[in-house]
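Observations on the model geometry
Spelled out from the first residue to the last, the chains are:
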Amino acid sequence: MKDNSTGKLIVFSAPSGSGKTTIVKHLLKQKEFNLEFSISATSRDPRPNETHAKDYYFISLKEFKQHIKNDDFLEWEEVYRDIFYGTLKNEIQRIWNLGKHIIFDIDVVGGLNIKKAYPEKTLAVFVQPPNIEELKIRLKKRQTESDDKINMRVAKASIEMATAPQFDHILINNELEVALKDAEELVKTHINA
Ligand code: 5GP
């Protein structure tokens, strides 16, 4: 893909339940940052509070595999068995055409792949939950998944924590208000650089 935009890329990656979505939503509200959310494609079903083409592009497994064949993805991953997630190249183009910076809420492998694709323009931030126990509590509170699925996410989280040093910044999310302010500072510095 032609890299012809002055727009920057800002990646927030973390184990699910670490609070990264809350942080990303907060940043999107700060209009002066001129950020647009990169809507990922996924083959999983929408949760009750999710909307197509806002939270994700919800597509079938068959459609997802066709996009892989067509080389339509900047990065994609089978995050859980038969559950695929990916960033479409034309999503990046859509946001660049708007003249905005792109903010990503994606898993650690995807986040590092974006950084690899655009090393200079990308700020890659790892959001770290206080510990695995706290993560479990947060996922349970969310009440959107079965115990099995929560355990699957917690197991994955332990592996993901080990990738933190490969990111540009580790943002510790002990206290949300502090994490939000830290995130604002990181974004401000990156887009003004
Ligand atoms: P959830 O099902 O909770 O929305 O997301 C599960 C995991 O997939 C999260 O860690 C989320 O950040 C990640 N994810 C979402 N979109 C993408 C994407 O486009 N690429 C990759 N690699 N991971 C993604």
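First, a word on what this report is: a plain description of the structure on this page. (Residues numbered from 1 in each chain as written. Predicted model: local features only at pLDDT ≥ 70, side-chain atom pairs only at ≥ 80, totals over all residues. Heavy atoms only, no water.)

1. Side note on the pairing of strand β1 (residues 9-13)
β1 sits mainly inside the fold: five of its five residues count as buried. Here β1 shows no split at all, with Leu9, Val11 and Ser13 on one side and Ile10 and Phe12 on the other all buried. Inspection of the sheet shows β1 paired to strand β7 (residues 101-106) by five bridges, in the parallel sense. Residue pairing across strands places Ser13 opposite Ile106, the latter belonging to β7. Pairing geometry for β1 and strand β8 (residues 122-128), over five bridges, is parallel. Paired with Val11 across the two strands is Ala124, which belongs to β8. (Buried < 20%, exposed > 50% of the residue type's maximum accessible area, 1.4 Å probe, protein only. Helix = DSSP H or I, 4+ residues; strand = E, 2+ residues; numbered from the N terminus. Pairing = 2+ DSSP bridges.)

2. Notes on the site of the ligand
Close to the ligand lie 15 residues, the nearest being Ser40, Arg44, Tyr56, Glu75 and Tyr85. Tyr56 is positioned with one of its side-chain polar atoms (N or O) 2.5 Å from an oxygen atom of the ligand. The cavity that encloses the ligand is the largest pocket. Among the secondary structure elements, those contributing two or more residues to the shell around the ligand are β5 (73-80), β6 (83-88) and β7. Here the element with the most residues in the shell around the ligand is β6; it accounts for three residues. The class makeup of the residues in the shell around the ligand is three nonpolar, four polar and eight charged. (Near = heavy atom within 4 Å. Polar contact = N/O pair within 3.5 Å; in protein donor to acceptor, adjacent residues only side chain to side chain. 1 Å grid on protein atoms, 1.4 Å probe; cavity = no way out; pocket = protein on both sides within 12 Å on 5 of 7 lines; lining within 4 Å. Sits in = over half its atoms within 2 Å of the grid points. Nonpolar A, V, L, I, M, F, W, Y, C, P; charged D, E, K, R; others polar.)

3. Some points on the layout of surface pockets
Roughly 1,300 Å³ of volume is contained in the largest pocket. Thr21, Lys25, Arg47, Tyr56 and Asp105 are, among the 50 residues lining the largest pocket, the residues nearest its centre. Mapped onto the lining of the largest pocket, the elements with two or more residues apiece are α1 (20-29), β2 (35-37), β5, β6, β7, α5 (132-142) and α6 (147-161). Looking at the lining of the largest pocket element by element, the count peaks at seven residues for α1. Looking at side-chain class alone, the lining of the largest pocket contains 14 nonpolar, 15 polar and 21 charged residues. Together, 13 residues line the second largest pocket, and Arg44, Asp45, Ile83, Glu145 and Lys149 are the ones closest to its centre. Mapped onto the lining of the second largest pocket, the elements with two or more residues apiece are β6 and α6. The biggest single contributor to the lining of the second largest pocket is α6, with three residues. (Points joined across faces, edges and corners; volume = space filled by probe spheres on them.)

4. Observations concerning the nonpolar core
Nonpolar side chains in soluble globular proteins generally cluster together in the buried interior. Membership of the largest hydrophobic core comes to 28 residues, with the highest contact counts inside it found for Ile10, Phe12, Ile23, Leu27, Leu171 and Val187. For this core, the secondary-structure elements that each account for two or more residues are β1, α1, β2, β6, β8 and α7 (176-192). Ignoring sequence-local partners within four residues, the contact set of Leu27 consists of Phe12, Phe33, Leu35, Ile103, Ala183, Glu184 and Val187. (Core = buried A, V, L, I, M, F, W, Y, C linked by side-chain atoms within 4.5 Å. Contact = heavy atoms within 4.5 Å.)

5. Examining unusual backbone geometry
Of note in this structure, Asn34 is not a glycine but carries a positive phi near 55°. Position of Asn34 among the secondary structure elements: in the loop between α1 and β2. We classify Asn34 as partly exposed; its relative accessible area is 31%. A positive phi angle, near 60°, is found at Asp71, a position not held by glycine. By relative accessible area, Asp71 is classed as exposed at 51%.

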